[in-house]
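Results of the structural survey
Below are the chains, spelled out letter by letter.
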Amino acid sequence: SICTILLIGCCLVSCEDDDSPQPMPPSQSLNKIMPLGASRVEGNRPEFESFRYELWKLLVDGEWDIDYIGTLEDEASYENFSDLPFDNEHEGRGGWTSGRILDGIDDWLEQTGAPDIVLFSSPGGNDALTNLPYDQTISNINDIIDRLQAVNPNVTILIEQLAPGMSSIMTPELTSYFNNLKEEVVQIATQQTTDNSRVIPVNMSDGFTDAFLADDVHYNEAGARFIAERYYDALEGVLKK
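Residues numbered from 1 in each chain as written. Predicted model: local features only at pLDDT ≥ 70, side-chain atom pairs only at ≥ 80, totals over all residues. Heavy atoms only, no water.

Thoughts on the packing of aromatic side chains
Scanning all chains against the criterion turns up 14 aromatic pairs. When the ring of tyrosine 53 is compared with that of tyrosine 78, the centres are 4.9 Å apart and the planes differ by 50°; the resulting orientation is tilted. Of this pair, tyrosine 53 sits in helix α2 (residues 52–61) while tyrosine 78 sits in the loop between β5 (72–73) and β6 (89–92), and the two are 25 residues apart along the sequence. As far as the burial class goes, tyrosine 53 and tyrosine 78 line up, both buried. Centre to centre, the rings of tryptophan 96 and tryptophan 108 are 5.9 Å apart; their planes meet at 40°, and the pair counts as tilted. Taken together, the residues span a long stretch of sequence, with tryptophan 96 in the loop between β6 and α3 (98–112) and tryptophan 108 in helix α3 at a distance of twelve residues. Taken as a pair, tryptophan 96 and tryptophan 108 share a single burial class, namely buried. An aromatic cluster of three or more residues is present, and its members are Tyr53, Trp56, Tyr68, Tyr78, Phe81 and Phe86. We note arginine 93 situated over the ring of tryptophan 96; from NZ or CZ to the ring centre the distance is 5.3 Å. It is lysine 241 that lies over the ring of tryptophan 64; its NZ or CZ is 4.3 Å from the centre. (Phe/Tyr/Trp six-rings, centres within 6.5 Å; stacked < 30°, edge-to-face > 60°. Helix = DSSP H or I, 4+ residues; strand = E, 2+ residues; numbered from the N terminus. Buried < 20%, exposed > 50% of the residue type's maximum accessible area, 1.4 Å probe, protein only. Lys NZ or Arg CZ within 6 Å of the ring centre and 35° of its normal.)

A short note on the packing of α3 against helix α5 (residues 134–151)
Contact geometry for α3 and α5: axes closest at 9 Å, N-to-C directions at 10°. In terms of axis orientation, α3 runs roughly parallel to α5. Across from Ser98, Gly99, Ile101, Leu102, Ile105, Asp106 and Leu109 in α3, the residues of α5 making contact are Thr137, Asn140, Asp143, Ile144, Arg147, Leu148 and Val151. The class makeup of the residues in the contact of α3 with α5 is seven nonpolar, four polar and three charged. (Axes fitted to C-alpha atoms, helices over the stretch in contact; angles between N-to-C directions. Parallel < 35°, antiparallel > 145°, perpendicular 65-115°, else oblique. Contact = heavy atoms within 4.5 Å. Nonpolar A, V, L, I, M, F, W, Y, C, P; charged D, E, K, R; others polar.)

Re empty space enclosed by the protein
Counting across every chain of the model gives one cavity of 30 Å³ or more. When residues of the lining of the largest cavity are traced back to their parent elements, those giving at least two are α1 (39–42), α3, α4 (125–129) and α5. Class assignment of the residues belonging to the lining of the largest cavity gives a composition of eleven nonpolar, ten polar and two charged. (1 Å grid on protein atoms, 1.4 Å probe; cavity = no way out; pocket = protein on both sides within 12 Å on 5 of 7 lines; lining within 4 Å. Points joined across faces, edges and corners; volume = space filled by probe spheres on them.)

Topic: the side chain of glutamine 161
Tracing the backbone shows glutamine 161 in strand β8 (residues 156–161). With residues near it in sequence (within four places) discarded, glutamine 161 still touches Lys182, Val185, Val186, Pro201, Val202, Asn203, Met204 and Ser205.

Section: α2
By the criterion of burial, α2 is predominantly enclosed, with eight of the ten residues buried. Those residues of α2 that sit buried are Arg52, Tyr53, Glu54, Leu55, Trp56, Lys57, Leu59 and Val60. On its buried face, α2 is in contact with β3 (31–37), α1, β4 (66–68), β6, β7 (117–120) and α7 (221–235). Residue glutamate 63 follows α2 closely and has a positive phi angle near 60°.

Written out as structure tokens, the structure is:
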């Protein structure tokens, strides 16, 4: 057979290569959860924390049948909880904008299979930090949701009203961008919710302070716990048991 040659960026990649996306073994969990986003999902212990570990502990404690899914696993060390090792799969990439996430999402979903629940973390956060065009950011966020719903028409998406950065970096321009995103996320959730797929805004902004940050934008342990608790409160009405 003839292999199709794909032009990706500036490189020619043959389909004979072994680096094409390979499906993972399908999860049998009642609740397949994909943490999706950038560095706030990825974490970088010991410099800063992801919310994933703190949320996982809450979910284990609540005796929920859950499985984090993603094509990535971070290499940090995590203590066992209730004699279980941390489930560290995720889809968080430090520094990635909404456009880059949109470009990658189809391949990731092909590998992981369809999630039941997506935790869409800080959508547009890196776009704001690099002052990318706001309208394009909103378009990208909507397109990402479209791709998720195409793979699973019944998916539930928890989309963050993102927590601010350190007050010292929140210029009037950046604050405006964040505030606009905070309001727009509610509209996106309403517009993108279907009869079968709920898109639910989760307010990570109100009550979030500098005390929750390890640096200009990333969570310390207290911040990770704050975000995790907000997610858990929303997930209790979504998870299957």
